[in-house]
Amino acid sequence: GDHKLQNKPLSGRVLIPIFDENKTFIVGCTGRIPYDVCMVCGVAHPNQTGCVNPAEKYRFPKWKHSNFNKSGYLFNLWYAKEYIINSKEVTSLESTACTIKLAQCNINNGLAIFGSSLSSEQVKILKRLNPKKVRISMDQDQAGQTAAEQIERTLYGKFEIEQIIMPRKDVSELSCEEIGEIF
């Protein structure tokens, strides 16, 4: 839903609930600013408000999470768990939007790590799912590629690893046809 309470950390964002592994509880939520990133200032904001001062850019992240232990959860686990167990493959993604895009394209084994590092708690969750292969699909920017390398080092020797290279910045920018060819 859309969180419209003013002066709250997630106000003005489209909210996505984060469920526990069995979809019993909502453990937190993530919110996205409903605007595209401005080509001039690089910040997501309404066109009519004008560009953000570069010194203030850090105050306007595209995604923001509520106060929950991100390192202890993987977005979409409650839904993807059965697909991962049956296929023996998991796709590790940077964001909830990329995970949702995969599911829209009928690829249901995606899990988001809520950013650019895989925690030891998240590794334990992956081990419990016992996939043979982990596909790493981080954003194609420098931060995403650094994250992909860190994740590969963390998972080395535990699973078969495949790095996914995409023709655009991230999965959410691809069509289902392109996603089907890559994944």
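What this report covers is the structure whose coordinates are included nearby. These numbers come from a predicted model, not from an experiment. (Residues numbered from 1 in each chain as written. Predicted model: local features only at pLDDT ≥ 70, side-chain atom pairs only at ≥ 80, totals over all residues. Heavy atoms only, no water.)

**Observations regarding the pairing of strand β7 (residues 133-137)**
Here's step 1: Of all five residues in β7, five are buried, a share of seventy percent or more.
Here's step 2: Residues Lys-133, Arg-135 and Ser-137 line one face of β7 and the alternating positions Val-134 and Ile-136 line the opposite face, and both faces are buried.
Here's step 3: Pairing of strand β5 (residues 89-93) with β7, which is carried by five bridges, proceeds in the parallel orientation. Along β7, the bridge assignment pairs Leu-93 with Ser-137.
Here's step 4: Direction of pairing for β7 relative to strand β8 (residues 160-163): parallel, over a ladder of four bridges. (Buried < 20%, exposed > 50% of the residue type's maximum accessible area, 1.4 Å probe, protein only. Helix = DSSP H or I, 4+ residues; strand = E, 2+ residues; numbered from the N terminus. Pairing = 2+ DSSP bridges.)

**Quick look at the sheet that holds β7**
Here's step 1: Pairing is parallel across the open sheet formed by four strands, whose spatial order is β6-β5-β7-β8. Both outer strands of the open sheet, β6 (110-112) and β8, are each paired with one neighbouring strand and no more. Across the sheet, the mean angle separating the axes of adjacent strands is 25° when strand polarity is ignored.
Here's step 2: Along the sheet, helix α4 (residues 142-155) makes contact with β7 and β8, crossing β8 at roughly 170°. (Axes fitted to C-alpha atoms, helices over the stretch in contact; angles between N-to-C directions. Contact = heavy atoms within 4.5 Å.)

**Description of empty space enclosed by the protein**
Gaps between atoms show up when a probe of the same size as a water molecule is rolled over them.
Here's step 1: Considering all chains together, one arrives at one cavity of 30 Å³ or more under this definition.
Here's step 2: Roughly 30 Å³ of internal volume is contained in the largest cavity.
Here's step 3: Every residue lining the largest cavity is listed: Leu-74, Val-90, Thr-91, Ser-92, Leu-111, Ile-113, Leu-118 and Leu-126.
Here's step 4: The biggest single contributor to the lining of the largest cavity is β5, with three residues.
Here's step 5: Its residues assigned to classes, the lining of the largest cavity comprises six nonpolar, two polar and no charged. (1 Å grid on protein atoms, 1.4 Å probe; cavity = no way out; pocket = protein on both sides within 12 Å on 5 of 7 lines; lining within 4 Å. Points joined across faces, edges and corners; volume = space filled by probe spheres on them. Nonpolar A, V, L, I, M, F, W, Y, C, P; charged D, E, K, R; others polar.)

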